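Report on the structure
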Amino acid sequence: MIIDYDIKYDEDIKNLLLELQEHIESIDKEGYNIVGNNYKEKYFKTTMEEINKYEGKIFLYKEENKIVGLVVGLINNDVEETYEFKAPKRGRISELIVSKNIRSKGIGSKLLHKMEKYLKENGCEKILIGVFAYNDKAINFYEKNGYHTRMIDMIN
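Our subject in this report is the structure included herewith. (Residues numbered from 1 in each chain as written. Predicted model: local features only at pLDDT ≥ 70, side-chain atom pairs only at ≥ 80, totals over all residues. Heavy atoms only, no water.)

This brings us to the environment of asparagine 77. As for its position among the elements, asparagine 77 is in strand β3 (residues 66–77). Sequence spacing of asparagine 77 and proline 88 is 11 residues, and the spatial spacing of their C-alpha atoms is 8.3 Å. (Helix = DSSP H or I, 4+ residues; strand = E, 2+ residues; numbered from the N terminus.)

Set out below in structure tokens:
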């Protein structure tokens, strides 16, 4: 079941953020991504600051009294028009995590669609999601849910 953020689940959220970073670290071919000292505390604090600054929201997926997934959405883009760029108001999904022990049961899709609804109800015409290039499972998941690649960073 999807529920709104509640402070009593902060430790579960921190553990999910850590689980995601450990996964990213394990698939990083260059070895740049790491789990540094106090990662859970620092990243949780940064995430909560972004939520407060950018009309953000956290939805949690609760199963058998345990949080097994989460999605974080931010509204940090207004309509933008310059001499070289024109874009509608956009939202951003900064985190979507389902615990590795419970994946492939549709939880990620439920969380994604819940956040998409929130962002669209708040005026976002488009939704951005950053995905680590080596995270093939995540890329396939987002493509199956209607997302496509717009920008690519290259490294040498």
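Our focus in this paragraph is the packing of aromatic side chains. Ring pairs (aromatic) are described by centroid distance and by the angle formed between their planes. Evaluated as defined, the whole model comprises 5 aromatic pairs. Residues phenylalanine 132 and tyrosine 134 carry aromatic rings whose centres are separated by 5.2 Å and whose planes lie at 90° to one another, so their mutual orientation is edge-to-face. Look at phenylalanine 141 and tyrosine 142: their rings are 5.2 Å apart centre to centre, the planes differ by 70°, and that puts the pair in the edge-to-face class. The exposure class of phenylalanine 141 is partly exposed, given its relative accessible area of 22%. (Phe/Tyr/Trp six-rings, centres within 6.5 Å; stacked < 30°, edge-to-face > 60°. Buried < 20%, exposed > 50% of the residue type's maximum accessible area, 1.4 Å probe, protein only.)

Right, let's talk about the pattern of salt bridges for a bit. Taken as a whole and judged by the stated rule, the model has 7 salt bridges. For glutamate 11, the salt bridge is made with lysine 14, and the minimal N-O distance between the two is 4.0 Å. Here the residue glutamate 11 and the residue lysine 14 both occupy positions in helix α1 (residues 10–27), the gap between them amounting to 3 residues, near one helical turn. What makes lysine 14 buried here is its relative accessible area of 10%. (Salt bridge = Lys/Arg side-chain N within 4 Å of Asp/Glu carboxyl O.)

It is worth spelling out the side chain of glutamate 95 at this point. Inspection of the secondary structure assignment puts glutamate 95 in strand β6 (residues 90–98). One buried charged residue, glutamate 95, forms no salt bridge at all, with the nearest opposite charge on arginine 92 at 10 Å. There is a polar contact of 2.2 Å between the side chain of glutamate 95 and the side chain of tyrosine 43. Not counting chain neighbours up to four residues away, the residues in contact with glutamate 95 comprise Leu17, Leu20, Tyr43, Leu70, Val71 and Val72. (Lys, Arg positive; Asp, Glu negative; His and termini not counted. Polar contact = N/O pair within 3.5 Å; in protein donor to acceptor, adjacent residues only side chain to side chain. Contact = heavy atoms within 4.5 Å.)

Moving on to the pairing of strand β2 (residues 57–63). The element β2 is largely enclosed, with a buried count of 5 among its 7 residues. Pairing geometry for strand β1 (residues 2–4) and β2, over 3 bridges, is antiparallel. Looking at the pairing, isoleucine 2 lines up with tyrosine 61 of β2. With antiparallel pairing between neighbouring strands as the criterion, β2 and β3 make up a hairpin whose turn holds 2 residues, including glutamate 64 at a positive phi of roughly 50°. (Pairing = 2+ DSSP bridges.)

The values are spatial; any link to function lies outside them.
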